[in-house]
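# Residue-level structure breakdown
Below, each chain spelled out in residue letters.
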Amino acid sequence: MGNILVTGANGQLGSEIRVATSDKDNYIFTDVEELDITNLEKVRNFVVQNRVGAIVNCAAYTNVDKAEEDAITADLINHQAVRNLAVVCKEFGATLIHISTDYVFDGTKNTPYVEEDVTSPQGVYGKSKLEGERAILNSGCEYLIVRTSWLYSSFGTNFAKTMRRLTAEKDTLNVVFDQVGTPTYAADLANILVSIIEKNQYKGNAGIYHFSNEGVCSWYDFAIEIRNLSGNACDIKPCHSNEFPSKVKRPNYSVLDKTKIKKTFGVEISHWKEALERSLYLYGK
Ligand SMILES: NC(=O)c1ccc[n+]([C@@H]2O[C@H](COP(=O)([O-])OP(=O)(O)OC[C@H]3O[C@@H](n4cnc5c(N)ncnc54)[C@H](OP(=O)(O)O)[C@@H]3O)[C@@H](O)[C@H]2O)c1
């Protein structure tokens, strides 16, 4: 199968893949210092020199708000660099396993998004991620694109960690209840990606797939559960998203339908509450 290159490996998902593959020696982890994926020649040389058979691209520009003022960098990392990876995979017969986002949708549906639903990103981040997807499709390389949502982990900065801290520090907190989706524990996504790779299931199953944990909640529900599981006493009040003015229009509804990934790869997915409890246990309750 060749070696597996994980790019953006110091981020939330990359770090969880490192944990999930700690007993394996054919995974190579790089972040921007070791391999800047915006540099096509460096990507090409790295893939050749390290006999890379598949790339798991966890590298991304993920700051949704900042992207509105830095569209050039967002496009460079989320689109042009992804094209670099796809071009090199095509050249050397490697597979690109790429992570995308629920932000490719506008959030106006009220039933879970399937892979074939019309994309209509509302901001710079979502647009740059969609262009990245298109670059892969246009390259002709073997690929899997896995769209996920509301990612959290014990690594990096995320809503779960922030709420855990704030509900310990504050007496009251307002959290939006008019945006609905499903959290994704990055360790669960990492384990499923590794399982797909280890079983060679990425061969012959090219396509776009949706993955999050099971169930549905608002950010308010998510915060309540984080507070309860953390044993904190903060009074959390539901509020509307327009109380937090933002340059980016976030999808009101971004639940992803996981039927395709479950059927194709035979995977089981935990409910978001169960995954959250596992993750908080690992953080050290
Ligand atoms: N976070 C979410 O809620 C969420 C939701 C849906 C989908 N996703 C997608 O899931 C994937 C993983 O997200 P994540 O939260 O794990 O991301 P993350 O924690 O922000 O990690 C991304 C990593 O990529 C690195 N990177 C940036 N530019 C690079 C470059 N030119 N070359 C190599 N590495 C570079 C970043 O380094 P620096 O930190 O130094 O920039 C960082 O270590 C992304 O594709 C993201 O779009 C995330």
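Notes on the structure follow. (Residues numbered from 1 in each chain as written. Predicted model: local features only at pLDDT ≥ 70, side-chain atom pairs only at ≥ 80, totals over all residues. Heavy atoms only, no water.)

### With respect to the packing of helix 4 (residues 71–92) against helix 5 (residues 124–139)
The packing of two helices is summarised by the inter-axis angle and the distance between the axes. For the pair helix 4 and helix 5, the least separation of the axes is 8 Å and the interaxial angle reads 15°. Taken as axis vectors, helix 4 and helix 5 run roughly parallel relative to one another. In this structure, helix 4 crosses over helix 5, and the sense of that crossing is right-handed. The residues of helix 5 that touch helix 4, namely those facing Ala71, Ala74, Asp75, Asn78, His79, Val82, Arg83, Ala86 and Lys90, are Val124, Tyr125, Ser128, Lys129, Glu131, Gly132, Ala135, Ile136 and Ser139. Residues of the contact of helix 4 with helix 5, tallied by class, amount to eight nonpolar, five polar and five charged. (Axes fitted to C-alpha atoms, helices over the stretch in contact; angles between N-to-C directions. Helix = DSSP H or I, 4+ residues; strand = E, 2+ residues; numbered from the N terminus. Parallel < 35°, antiparallel > 145°, perpendicular 65-115°, else oblique. Left-handed = near helix turned anticlockwise from the far one by under 90°. Contact = heavy atoms within 4.5 Å. Nonpolar A, V, L, I, M, F, W, Y, C, P; charged D, E, K, R; others polar.)

### Some details on unusual backbone geometry
Of note, the phi angle at Trp150 is positive, near 50°, even though the residue is not glycine. Positionally, Trp150 belongs in the loop between strand 5 (142–148) and strand 6 (151–152). The backbone of Asn200 shows a phi angle near 55°, a positive value even though the residue is not glycine. Here Asn200 is to be found in the loop between helix 7 (186–198) and strand 10 (207–210).

### Considering helix 8 (residues 219–230)
Taking 1.5 Å per residue as the helical rise, helix 8 with its twelve residues ought to reach 16 Å, and the 16 Å between its terminal C-alpha atoms agrees with that figure. Taking burial as the measure, the twelve residues of helix 8 include nine buried ones, the bulk of the element. Along helix 8, the residues classified as buried are Trp219, Phe222, Ala223, Ile224, Glu225, Ile226, Arg227, Leu229 and Ser230. Gly231 sits one or two positions beyond helix 8 and adopts a positive phi of about 75°. (Expected span 1.5 Å × (residues − 1). Buried < 20%, exposed > 50% of the residue type's maximum accessible area, 1.4 Å probe, protein only.)

This is a description of form; function is not addressed.
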